[in-house]
Amino acid sequence: MPFLRTSLLSAEPAGVLESIDELFALGHAMEQEAAKKYDSLAQEMRGQGKDDLAEVFTRLAAAEREHVDSVTQWSQSRRGKRPDPAMVRWEAPEALAPEAAAEMKTSRLMTPYRALAMAVRNEERAFAFWSYLAAYSHDPEVKKASEAMAREELGHVATLRKERRRAYHHEHDRSGAEASSAPVRQIDARELELRLVAQLAEMEQSLSGPEAIRIRDIRQQAIGMADAATGLGSFPASMENKGPLEIAEALVDGYLEGAERSNDAADLERLQQLAERAISRLAWLRSLAMN
């Protein structure tokens, strides 16, 4: 399925990958650049006396260096050599959007939660990039490897979203404020999935060509996910009035949080599978051109 225009990528990649060696070189370069950007931000935050933010960026940089090592090991196992920087023919998407990096350095309102939210967005952009290359690759081996890289980025998204949620709970003291409020009607993930199905059907009617096909695929997947999500999660009924992106994001967080708390092996597996699909769906919805 062609990836089409994207909102996550500021511009389409300058070409397609011609070989698996070029893929490893590009992936290696992207992860290295991300690690450098986060290291730089960590130093900047320490210089400003913002130790909590410095710790966040230090952890992000360490995670990116692990990704660098992972690509290196993959290249050595598949090709018997390390990635060759000379194989990178064109510029990859920036590891962090310039405006995001500038805000992180200068905003007095920056918090670990907001920093992690931007890091999540960065990994979603990487997912969009690799998905695009997989869609347009002429080489079956490169296509398969690009798809694997895209799946890796979704794993990074899941990890960062968990970190972001912990930061949110740490920053927001919920004691007392909700004690006097009236009970709020709750719905489960199945009901919210079905609401998303209805919204996707409306979107499909307003689109044509490959975009309509992609939305139809996502809608059909959501129907299956609704059946699997019966009885899972608890969401305010007011979520049904939100837009598709907000609903899709709430479902991602619901599945991830459920998986973290689950003590039942079967439920844990079900929640993890739902979370993986929901993360991919959210990234696609953000990436499709929605006019």
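Please refer to the structure placed before this passage.
For the structure given in this document, a descriptive report is provided here.

What counts and what doesn't
Residues numbered from 1 in each chain as written. Predicted model: local features only at pLDDT ≥ 70, side-chain atom pairs only at ≥ 80, totals over all residues. Heavy atoms only, no water. Helix = DSSP H or I, 4+ residues; strand = E, 2+ residues; numbered from the N terminus. Buried < 20%, exposed > 50% of the residue type's maximum accessible area, 1.4 Å probe, protein only. Contact = heavy atoms within 4.5 Å. Areas by Shrake-Rupley, 256 points an atom, 1.4 Å probe, with all protein chains shown as cover. Axes fitted to C-alpha atoms, helices over the stretch in contact; angles between N-to-C directions. Parallel < 35°, antiparallel > 145°, perpendicular 65-115°, else oblique. Expected span 1.5 Å × (residues − 1). Phe/Tyr/Trp six-rings, centres within 6.5 Å; stacked < 30°, edge-to-face > 60°.

### Notes on the overall build of the protein chain
Right, so step 1: A count of helices and strands for the protein chain gives nine helices and two strands.
Right, so step 2: Across the 291 residues in the protein chain, those meeting the buried criterion constitute 47%.
Right, so step 3: Here the contacts in the protein chain between residues at least 6 apart in sequence split such that 81% fall between residues at least 24 apart.
Right, so step 4: Counting every atom, the protein chain has about 14700 Å² of accessible surface; 49% of that belongs to carbon and sulfur.

### Some details on the packing of helix α1 (residues 20-47) against helix α4 (residues 112-136)
Helices that pack against each other are described as a pair by the angle of their axes relative to one another and the distance between those axes.
Right, so step 1: Look at α1 against α4: their axes get within 13 Å of each other, and the N-to-C directions meet at 170°. Here α4 runs roughly antiparallel to α1, going by the angle between their axes. Mapping the contact onto sequence places Leu23, Leu26, Gly27, Met30 and Tyr38 in α1 and Ala119, Asn122, Phe129, Trp130 and Leu133 in α4.

### Topic: helix α8 (residues 244-261)
Right, so step 1: Under the 1.5 Å per step criterion, the end-to-end length of α8 is 26 Å for 18 residues, consistent within 8% with the ideal 26 Å.
Right, so step 2: Among the residues making up α8, those that are buried are Ile247, Ala248, Glu249, Ala250, Leu251, Val252, Asp253, Gly254, Tyr255, Leu256 and Ala259.
Right, so step 3: Summarising the contacts, the buried residues of α8 are in contact with α5 (140-171), α6 (189-206), α7 (209-228), β2 (235-236) and α9 (265-287).

### Here we look at the packing of aromatic side chains
Right, so step 1: Counted under the stated rule, the structure contains five aromatic pairs.
Right, so step 2: Note on Phe24 and Trp74: the rings are 5.0 Å apart at their centroids and 70° apart in plane angle, and the pair reads as edge-to-face. Taken together, the residues span a long stretch of sequence, with Phe24 in helix α1 and Trp74 in helix α2 (residues 51-79) at a distance of 50 residues.
Right, so step 3: Accessibility expressed as a relative area gives 22% for Trp74, which makes it partly exposed.

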